[in-house]
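Here are the chains, one letter per residue:
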Amino acid sequence: MIYFDNSATTAIAPLALDAYLKTSQRIIGNPSSLHDLGNQANRLLQQARKQIAELLAVQANEIYFTSGGTEGDNWVLKGTALDKKDFGRHIIISSVEHPAVSETAAQLAENGFEVSVAPVGKDGLVDVTKLKDLIRKDTILVSVMAVNNEVGALQPIQAISEVLKDYPKIHFHVDAVQAIGKVSQEEWLTPRVDFATFSAHKFHGPRGVGFIFWRKGRRIAPLLTGGGQENNQRSGTENVPGIVAASKALRLTLEQKAKRPDHVPTLRKYLYEALVKYEKVTIFSGEENYAPHILCFGIKDIRGEVLVHALEEKQIFVSTTSACSSPKHVESSTLHAMNVPANLATTAIRVSLDESNTMAEVEQFLIVFHQLYQKFSKIN
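Per an unreviewed UniProt entry, the recorded name for the chain is Cysteine desulfurase, and the organism is Candidatus Enterococcus myersii. What the UniProt record of the chain gives under Sequence similarities (unreviewed entry) is the line "Belongs to the class-V pyridoxal-phosphate-dependent aminotransferase family. NifS/IscS subfamily." In the Cofactor (unreviewed entry) part of its UniProt record, the chain is described as follows: "pyridoxal 5'-phosphate".

And the structure:
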């Protein structure tokens, strides 16, 4: 079995799973309880927070735990809207955001906020000049993802940060779900970034756990109220086993990347150079300004889901993008935003690599792909 769908989810790391199981079995207290069992749980919770903060080179009180990337994106957007609505109601997002951002922005638009969409070029990169032109006196938030989840475009967060230095009151949010452990942190967690969202299952942690970086001095309103957990900002009993496992997984992921920084880029380059030779293959992910783990491409006249299932029959697992999951989704897809014609967008599949993948797997994938390519060509 070859698993090339790591941007959808990763397998939990054995050591992270071990940490989850041991914590679940041994630490039974609620971290908010006053007795010793509660104190044990709280100590582990704070140790995990401290470790994540150290790995990101931020302060421990700038890390807040969530259920994942979707909650984090919702919290930052809606929390900013609630807190700053008396100062302004204008929000800017890019045209290639994950639905956790774009759908949340749409919901805010239905509730009296105005949303402007910064366009991207044919390369999928946000046009920084056009984004700047969208800024108004009542702009309260700019939200741009670090790495696009469909084609892997590495967004110009540093350039946007430079623009926003002249607008210190605007919150700058970065969805970093696809970036952490894949792209150097300097690319997407600049001193101007106020909030960043993360999801543990994208870096070999458990599902249902995430966290946000919340720069000290900024303010957003809580979405979940009740028990006052997470410094009164995110109520609900913390998932201590999941959080402990997430901190372990993040440390392991970053250590692995540091040991073999060229491994995943080498796999992607090999795959890219092989696929580009096929006459009927369109590659939507470029070579420069793209994350090292995502490659989006398609075979002319072959719908993406057809190719996905054909590969699945050979025990190779990849995914389609939102562009080809259904015709109605093309309009909101990254490929549509890149002005890719609909007939090509519906052919797209996404290969997403990981440190655990090997060159042997890439070579086997290419063998199977070649067989399928010839089969489809004969049919056509």
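Next comes the rest of the description.
Looking at the overall build of the chain
Scanning the chain from terminus to terminus reveals 14 helices and 13 strands. For the chain, whose C-alpha radius of gyration is 21 Å, the value lies close to the compact-globule estimate of 21 Å for 380 residues. Each principal axis of the C-alpha distribution contributes one length, and for the chain these read about 70 × 50 × 35 Å. Per-residue burial for the chain yields a buried fraction of 54% across its 380 residues. Restricting the contact set of the chain to residue pairs at least 6 apart, pairs at least 24 apart contribute 72%. Entry remark: accessible area of the chain is about 16900 Å², with carbon and sulfur atoms responsible for 51%. Taking the 41 positively charged and 41 negatively charged side chains of the chain as two groups, their mean positions are separated by 2 Å.

Examining the sheet that holds strand β7 (residues 195-199)
In a beta sheet, neighbouring strands pair by backbone hydrogen bonds and run either parallel or antiparallel. Here we have seven strands laid out as an open sheet, ordered β2-β8-β7-β6-β5-β3-β4, and mixed in their pairing. The open sheet is flanked by β2 (63-66) and β4 (114-118), the only strands paired with a single partner. Recorded for the sheet is a direction-independent mean angle of 20° between the axes of neighbouring strands. For β7 and strand β8 (residues 210-214), the ladder comprises five bridges, and the chain directions are antiparallel. In the sheet register, Phe195 faces β8, and the bridge partner there is Trp214.

Some remarks on the nonpolar core
Nonpolar side chains tend toward joint burial in soluble globular proteins. Leu56, Phe172, Trp188, Phe198 and Phe211 are the most contacted members of the largest nonpolar core, which has 63 residues in total. Contacts of Trp188, omitting those with residues within four sequence positions, involve Leu56, Ala146, Ile157, Val174, Ala176, Ala179, Ile180, Val183, Val193 and Phe198. Among the nonpolar cores identified, the runner-up in size contains 30 residues, and Leu307, Ile316, Leu366 and Val368 belong to it.

Remarks on helix α2 (residues 36-56)
Look at α2: 30 Å from first C-alpha to last across 21 residues, which is about the 30 Å you get at 1.5 Å a residue. Packing partners of the buried residues in α2 comprise β2, β7, β8, α7 (229-232) and α8 (240-259). The positive-phi residue at the C-terminal boundary of α2 is Ala57, with phi of around 60°.

Points about the environment of Ser95
Position of Ser95 among the secondary structure elements: in the loop between β3 (90-94) and α4 (99-109). Judged by its relative accessible area of 22%, Ser95 is partly exposed. Excluding residues within four positions of it along the chain, Ser95 makes contact with Val117, Ala118, Pro119, Val120 and Ala337.

The rules behind the values
- Residues numbered from 1 in each chain as written.
- Predicted model: local features only at pLDDT ≥ 70, side-chain atom pairs only at ≥ 80, totals over all residues.
- Heavy atoms only, no water.
- UniProt positions renumbered as here; feature names shortened; annotations may be inferred.
- Helix = DSSP H or I, 4+ residues; strand = E, 2+ residues; numbered from the N terminus.
- Rg over C-alpha atoms; globule rule 2.2 N^0.38 Å.
- Buried < 20%, exposed > 50% of the residue type's maximum accessible area, 1.4 Å probe, protein only.
- Contact = heavy atoms within 4.5 Å.
- Areas by Shrake-Rupley, 256 points an atom, 1.4 Å probe, with all protein chains shown as cover.
- Lys, Arg positive; Asp, Glu negative; His and termini not counted.
- Charge placed at Lys NZ, Arg CZ, Asp CG, Glu CD.
- Pairing = 2+ DSSP bridges.
- Axes fitted to C-alpha atoms, helices over the stretch in contact; angles between N-to-C directions.
- Core = buried A, V, L, I, M, F, W, Y, C linked by side-chain atoms within 4.5 Å.
- Expected span 1.5 Å × (residues − 1).

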